[in-house]
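Letter by letter, the chains look like this.
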Number of protein chains: 2
Amino acid sequence: MLSANPLLTQFQKTRSLSQAETAALSKVPLRRVALRPEEPMVRAGDHTTSCILVLDGMLATSKVDGAGRRQITAIHIAGDFPDLMSLHLDLADSDIRAVAKAEVASINHDHLRRLALDHPNLAAKLWRTVLVDAAISREWVLNLGQRESMTRMAHVLCEILLRMQVAGLANGNTCRMPLTQVNLSEVTGMSLVHVNRVLQQLRRKDLITLAKGQLDVLNWAGLVKVGDFSAEYLHIVKH
Amino acid sequence: MLSANPLLTQFQKTRSLSQAETAALSKVPLRRVALRPEEPMVRAGDHTTSCILVLDGMLATSKVDGAGRRQITAIHIAGDFPDLMSLHLDLADSDIRAVAKAEVASINHDHLRRLALDHPNLAAKLWRTVLVDAAISREWVLNLGQRESMTRMAHVLCEILLRMQVAGLANGNTCRMPLTQVNLSEVTGMSLVHVNRVLQQLRRKDLITLAKGQLDVLNWAGLVKVGDFSAEYLHIVKH
DNA sequence: CTGCCGCCATATCATATGTTAGGCGACGAA
DNA sequence: TTCGTCGCCTAACATATGATATGGCGGCAG
């Protein structure tokens, strides 16, 4: 159907909906927002009254330490809700910014709350996405705390490709990857120079190509092995 | 009141409850479980049908990488709900274990769901704790990714003391701290030897004493400065 | 066209942190 | 008691990773 409500589209991806649910979702007003590269959508300290649904492109949640060093704590692709926490927490504790050009839908808190109260199954789905994000965050803690640089980087690339595939945004083992090497250094907690070193190693092992904003995993099994990757933490549901 | 339901007690801490809420909370059956040091309560891969409320002692959520290295991704003190995620995620992705001797209450999923459906305000409170845990996890990603060892350790100690104080479990700037140096190495992603080095430095700066399972922060302002600590991410509400 | 800037790449050198090894006191089990 | 284990501490050495510097290339603004 033409120009369907993207919120409705997103919910339909995981489960079939009742008529009442479909109707309710269709009625939720969305405000579309186009973001330029680096443009912030939320800043730490903000009090927001609406949530975000990513429609296109990639956003990143990040925090900055006292020395000004930035850490990306989560990446968000089309279909993700990067700040559902704002529904229940007063102040944002992180920035949320576009990585490259992106488009998002802004959804009023009140409308989402109404939706959740009237339709427990839709509320449960929102719960679930929050909990999966938290699970990813825990895996990132493991990744940053215990894995050395090459494993760490490979793990990040595995996660990105797999999530893109699940979202239907990959073409085989190839997908858009707008994160620059500086961005990857903010994801992995490594210096820019070391990011470059590690990527060269992954290339020399014929595991990946990465250029021009495009990631191509040449040897998925190999990358999974190097990256100590196993997908359970993403809690992907087959359907 | 004697032997009150600890679930009720916990909810009363943050807000005054309606009579109906109080009654509903009192009726929820709890199963008390005593845990010995290191005893696991949940294992990655488990399918659980109940949630945990920590009554006494300290638990830790942890994950193990392919090389067998363990990373603690969260610590839990009395009043925390370490695995509310099990309400909506099928399989646990982490282990949850007692750090030292501990006591928990096990609460059946069905009862919690009933409670949440019937009492949206109680559901909101549960939401909130999940979201605060996620916020802490993001801060840990920042801590592990960007801060160097002494700052990282100081930050962890600040968080522990402050959370203990908020939970009413501290005595001034002193609190129980059952994490061993090995445990701290699993929290900070540092080697055991380096944990020891860094603790010595913090002691030499007269910022802390830490011995016999007891943490004493001698200079809170100093530790906060060294640890690049600011408490916003804990989303503490005054009342 | 031209100059500037972002992104990527590489080399060299510096250092924070890991690794291995050893020792000491406290405590619980036999 | 004695023994084994655990938690803590320290030293010497190894290395993964950071810091600094420099250059190339391509795109974009003027």
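See the structure shown above.
Below or above, wherever it landed, is the structure these notes cover.

Each value, and the rule that gives it
- Residues numbered from 1 in each chain as written.
- Chains lettered and ligands numbered in written order.
- Predicted model: local features only at pLDDT ≥ 70, side-chain atom pairs only at ≥ 80, totals over all residues.
- Heavy atoms only, no water.
- Helix = DSSP H or I, 4+ residues; strand = E, 2+ residues; numbered from the N terminus.
- Rg over C-alpha atoms; globule rule 2.2 N^0.38 Å.
- Buried < 20%, exposed > 50% of the residue type's maximum accessible area, 1.4 Å probe, protein only.
- Pairing = 2+ DSSP bridges.
- Axes fitted to C-alpha atoms, helices over the stretch in contact; angles between N-to-C directions.
- Contact = heavy atoms within 4.5 Å.
- Near = heavy atom within 4 Å.
- Polar contact = N/O pair within 3.5 Å; in protein donor to acceptor, adjacent residues only side chain to side chain.
- Nonpolar A, V, L, I, M, F, W, Y, C, P; charged D, E, K, R; others polar.
- Buried area = accessible area lost by both parts, 1.4 Å probe.
- Salt bridge = Lys/Arg side-chain N within 4 Å of Asp/Glu carboxyl O.
- Least-squares fit on C-alpha atoms with pLDDT ≥ 70 in both.
- Phe/Tyr/Trp six-rings, centres within 6.5 Å; stacked < 30°, edge-to-face > 60°.

### Focus on the overall build of chain A
Moving on, step 1. Broken down by element type, chain A carries 8 helices and 11 strands.
Moving on, step 2. A globule of 239 residues ought to have a C-alpha radius of gyration of about 18 Å, and chain A, at 18 Å, matches this closely.
Moving on, step 3. Taking the principal axes of its C-alpha atoms as reference, chain A extends roughly 55 × 40 × 30 Å.
Moving on, step 4. Out of the 239 residues belonging to chain A, those deemed buried represent 54%.

### Observations concerning the sheet that holds strand β1 (residues 30-35) of chain A
All names here are of chain A.
Moving on, step 1. With antiparallel pairing, the 3 strands of this open sheet are ordered in space as β1-β7-β3. The two strands at the open ends of the sheet, each matched to only one other strand, are β1 and β3 (50-56). Sheet twist, expressed as the mean angle between neighbouring strand axes with direction ignored, is 30°.
Moving on, step 2. The sheet contacts of helix α1 (residues 6-14) involve β1, β3 and β7 (102-108), and relative to β3 the element is tilted by about 75°.
Moving on, step 3. Running over the sheet, helix α3 (residues 109-118) touches β3 and β7 and is turned about 65° from β7.

### Points about the protein's contact with DNA strand D
Moving on, step 1. Around DNA strand D, the surrounding shell holds 15 residues, and the nearest of these are S149, V193 and R197 of chain A together with Q181 and R203 of chain B.
Moving on, step 2. Note that a phosphate oxygen of DNA strand D is positioned 2.6 Å from one of the side-chain N or O atoms of S149 of chain A.
Moving on, step 3. At the level of elements, α7 (192-204) of chain A together with α7 (192-204) of chain B are the ones that each hand at least two residues to the surface near DNA strand D.
Moving on, step 4. With 5 residues, α7 of chain B is the single largest residue contributor to the surface near DNA strand D.
Moving on, step 5. Each residue belonging to the surface near DNA strand D can be placed in one class, and the counts come to 3 nonpolar, 8 polar and 4 charged.

### Side note on the interface of chain A and chain B
Moving on, step 1. Each side of the interface is counted separately: chain A has 43 residues, and chain B has 43 residues.
Moving on, step 2. Overall, the association of chain A and chain B removes approximately 3,700 Å² of surface from exposure, summing both partners, and the carbon and sulfur fraction of that is 65%.
Moving on, step 3. A per-residue breakdown of the area chain A buries against chain B is headed by W127, R138 and Q146 of chain A, which together make up 21% of the total.
Moving on, step 4. Taken together, chain A and chain B are joined by 4 salt bridges.
Moving on, step 5. Between K63 of chain B and E139 of chain A there is a salt bridge; the shortest N-O distance is 2.6 Å.

### Remarks on the relation of the copies chain A and chain B
Moving on, step 1. Expressed as a screw transformation, the operator carrying chain A onto chain B has a rotation angle of 180° and an axial translation of 0.0 Å, and the superposed copies differ by an RMSD of 0.0 Å. One copy is carried onto the other by what is essentially a two-fold rotation axis.

### Remarks on the packing of aromatic side chains
Moving on, step 1. Inspection of every chain in the model, using the stated rule, returns 7 aromatic pairs over all chains.
Moving on, step 2. Each ring, one from W220 of chain B and one from F229 of chain B, has its centre 6.1 Å from the other, and the planes form 75°; the classification is edge-to-face.
Moving on, step 3. For W220 of chain B, a relative accessible area of 27% gives the class partly exposed.
Moving on, step 4. Feature note: the residues W220, F229 and Y233 of chain A constitute an aromatic cluster, connected by ring pairs.

### Overview of unusual backbone geometry
Residues and elements named next belong to chain A.
Moving on, step 1. For D228, which is not a glycine, the phi torsion comes out positive at approximately 50°.
Moving on, step 2. Counting through the fold element by element, D228 comes out in the segment after α8 (220-226).
Moving on, step 3. On the basis of relative accessibility, which here comes to 25%, the residue D228 falls in the partly exposed class.
Moving on, step 4. Even without being a glycine, H235 presents a positive backbone phi close to 50°.
Moving on, step 5. You can see H235 is positioned in the segment after α8.
Moving on, step 6. Under the relative-accessibility criterion, H235 is labelled buried at 11%.

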